Amino acid sequence: MDNTRNTTREWVHGLIALILGLFLLGISSGMGVMKSIVDLWGSILSIPEYPAVIMREMFIEWRSWSRDKNTLNDEVRRLRNENAKLRLDLAKFNSEKIYESSDNEIRTARVTLRAPMSWWSEIRIDRGEQDKITQGLPVFSNGYLIGRVSSVSLMSSWAELITSPSFMIPAVIEETRELGVVAGDGNGSVLLRYIPAGRGIKTGMKVSTAMIGEQVPPGLPIGQISGEFAAGVDGYTTYRIEPGADMSRFYTVSY
Amino acid sequence: MTLIILWLIQDLLTVFTGGAMQIPSLFMLGLVYRLLIDDSNDEGVNLWGIWSAFAGGVLWDLRWIGIPGFFTLGYVVVVLAVIQVWGIIPPQGRSSGTGLIVFILMEISQLIPPLLPVLILGGSAGWRFFLMQQVYSLPAILFCIYIYNRKVRNRK
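Not measured: the values here are computed from a predicted model.

Caption draft 1: Up close: the overall build of chain A. The secondary structure content of chain A amounts to 2 helices and 12 strands. When the helices and strands of chain A are listed from N to C terminus, the series reads α-α-β-β-β-β-β-β-β-β-β-β-β-β. Put simply, chain A has 255 residues, and 32% of those count as buried. The contacts of chain A with a sequence gap of at least 6 include a subset with a gap of at least 24, amounting to 52%. Carbon and sulfur atoms provide 57% of the accessible area of chain A, an area that totals close to 16000 Å².

Caption draft 2: Highlighting the sheet that holds strand 9 (residues 206-209) of chain A. All names here are of chain A. Spatially, 6-7-8-11-10-9 is the arrangement adopted by the 6 strands of the closed barrel, whose pairing is antiparallel. Across the sheet, the mean angle separating the axes of adjacent strands is 45 degrees when strand polarity is ignored. Examined bridge by bridge, strand 6 (residues 168-173) and strand 9 share 3 bridges and lie antiparallel to one another. Within strand 9, the position partnered with Val172 by the bridge is Ser208.

Caption draft 3: Representation of the interface of chain A and chain B within the structure. Contact with chain A, which involves 29 residues of that partner, is made by 30 residues of chain B. Overall, the association of chain A and chain B removes approximately 2700 Å² of surface from exposure, summing both partners, and the carbon and sulfur fraction of that is 76%. A per-residue breakdown of the area chain A buries against chain B is headed by Glu10, Leu25 and Trp41 of chain A, which together make up 22% of the total. Inspection of the region where chain A meets chain B yields 1 salt bridge. Ionic pairing is found between Glu49 of chain A and Arg63 of chain B, a salt bridge with its closest N-O pair at 2.7 Å. At the junction of chain A with chain B, the criterion picks out 6 residue pairs in polar contact (both at pLDDT 80 or more). Only helix 1 (2-28) and helix 2 (32-104) of chain A provide two or more residues apiece to the side of chain A that touches chain B.

Caption draft 4: Representation of the nonpolar core in the model. One finds Met28, Leu36, Val79, Met106 and Tyr148 of chain B to be the most contacted residues of the largest nonpolar core, which totals 48 residues. Those elements that place two or more of their residues in this core are helix 1 and helix 2 of chain A together with helix 1 (2-17), helix 2 (26-37), helix 3 (43-65), helix 4 (70-88), helix 5 (99-121) and helix 6 (124-155) of chain B. When residues in this core are grouped by element, the largest group, 11 residues, is from helix 4 of chain B. Aside from chain neighbours lying at most four places away, what touches Val79 of chain B is Met28, Leu31, Leu35, Gly49, Ile50 and Ala53 of chain B. Of all hydrophobic cores here, the second largest spans 35 residues; its members include Val111, Ile173, Val216 and Phe250 of chain A.

Caption draft 5: Representation of the packing of helix 2 of chain B against helix 6 of chain B. Residues and elements named next belong to chain B. Running from N to C, helix 2 and helix 6 point in directions that differ by 20 degrees, and their axes come no closer than 11 Å. Between helix 2 and helix 6, the interaxial angle falls into the category roughly parallel. Seen along the crossing, helix 2 lies across helix 6 with a hand that is right-handed. Within the contact between the two elements, helix 2 uses Leu29, Tyr33, Leu36 and Ile37 and helix 6 uses Ala140, Ile141, Cys144, Ile147, Tyr148, Lys151 and Arg155. For the contact of helix 2 with helix 6, the residue count by class is 9 nonpolar, no polar and 2 charged.

Caption draft 6: Expanded view of the packing of aromatic side chains. Scanning the model with the defined rule gives 8 aromatic pairs over all chains in all. With centroids separated by 5.9 Å and ring planes inclined at 55 degrees, the aromatic side chains of Trp41 of chain A and Trp7 of chain B adopt a geometry described as tilted. Taken as a pair, Trp41 of chain A in helix 2 and Trp7 of chain B in helix 1 lie in two separate chains rather than in one. Of the residues examined, Trp41 of chain A reaches a relative accessible area of 18% and is grouped as buried. Judged by its relative accessible area of 7%, Trp7 of chain B is buried. Between the aromatic rings of Phe27 of chain B and Tyr75 of chain B, the centroid separation amounts to 5.7 Å while the plane-to-plane angle is 35 degrees, which identifies the pairing as tilted. Of the two residues, Phe27 of chain B is situated in helix 2 and Tyr75 of chain B in helix 4; the sequence distance between them amounts to 48 residues. By way of ring pairs, the aromatic residues Trp41 of chain A together with Trp7, Trp60 and Trp64 of chain B are connected into one cluster. The ring of Phe167 of chain A carries the charged tip of Arg148 of chain A above its face, separated from the ring centre by 4.9 Å. Positioned over the ring face of Trp48 of chain B is Arg34 of chain B, at 5.5 Å from the centre of the ring.

Conventions we followed
- Residues numbered from 1 in each chain as written.
- Chains lettered and ligands numbered in written order.
- Predicted model: local features only at pLDDT ≥ 70, side-chain atom pairs only at ≥ 80, totals over all residues.
- Heavy atoms only, no water.
- Helix = DSSP H or I, 4+ residues; strand = E, 2+ residues; numbered from the N terminus.
- Buried < 20%, exposed > 50% of the residue type's maximum accessible area, 1.4 Å probe, protein only.
- Contact = heavy atoms within 4.5 Å.
- Areas by Shrake-Rupley, 256 points an atom, 1.4 Å probe, with all protein chains shown as cover.
- Pairing = 2+ DSSP bridges.
- Axes fitted to C-alpha atoms, helices over the stretch in contact; angles between N-to-C directions.
- Buried area = accessible area lost by both parts, 1.4 Å probe.
- Salt bridge = Lys/Arg side-chain N within 4 Å of Asp/Glu carboxyl O.
- Polar contact = N/O pair within 3.5 Å; in protein donor to acceptor, adjacent residues only side chain to side chain.
- Core = buried A, V, L, I, M, F, W, Y, C linked by side-chain atoms within 4.5 Å.
- Parallel < 35°, antiparallel > 145°, perpendicular 65-115°, else oblique.
- Left-handed = near helix turned anticlockwise from the far one by under 90°.
- Nonpolar A, V, L, I, M, F, W, Y, C, P; charged D, E, K, R; others polar.
- Phe/Tyr/Trp six-rings, centres within 6.5 Å; stacked < 30°, edge-to-face > 60°.
- Lys NZ or Arg CZ within 6 Å of the ring centre and 35° of its normal.

Here is the structure:
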């Protein structure tokens, strides 16, 4: 009996609560006073809610900082790429200028001395400062690089040959774009050093100067691969180069 | 006091998330848990539950909806359902094998209150928030079941 009465009371209370809820729902939407109550309740709660507001602001700030950081990193990456591209364009522009000036002013010089003691190392030519010869200027024979000017006097200059052991110039294998260093051995041979092993380098591949050289413009032909010279234990292979110019027989050179 | 703290935590979490996600109704979980662990069969506890749900719902509506009634109705309906279902089970049988019923009653406390505003106001965003809330509330429900089971075991 008591149990039934309890259940009935619970139902009555529950229904009263529901009717009150519906009543509030029905009348409150059109009442201006409800707005004031909502505002008042909101301002009371703003005190305990303050830490949550601060934490939320901190979180938003941190997220925004993190997003900005990523954006800046992307921007730096983009600018780096752009910078590298511009450097490349500038190098290309400079080399084209060098080509243009060399095409306009290809001049020849006569070999005036090739001493037997330094046969594979240097030659003297009959052009000097007054002929606008400068140190480092590339010297050609038959259209191929044979050396570069090493010292200049008023009316003559010395050019170091690519067969000289102290001659070193960055070079590229045109077919594979592998970079290495061209150096002489002092006995008439020209070698291409520091090529990583197993890159499929074959006899007959063309070798020319690389863009990373300081004074010599890129793309000047040197010769072609004539075979493997030595495979180092450090993973690099040295190749023998057959120079495009006849290194034993030149009486005049161009520059 | 526990219910007031739970209501405040629910409010603070809602402020912190800024409405980006729906917070589980911790207040209702606490209320339902309180009704379920009470084995005194005292009518006063159930009446306290009904009016606590009403008060909590009105305050929630005033804070977050602006129109009192939406959550109030849901909260009261849930408490009435819990009281009626739980009342069917005799107090001796409430101690064991009721895990599924406890889960269902607690799930109802998370399902019905946010469902009413969605049904009345509609909108796809409302449904999305409702579904997300169900997902977020699952760990809280499981935690409540865990402490309920522990309490029942200790009582034995």
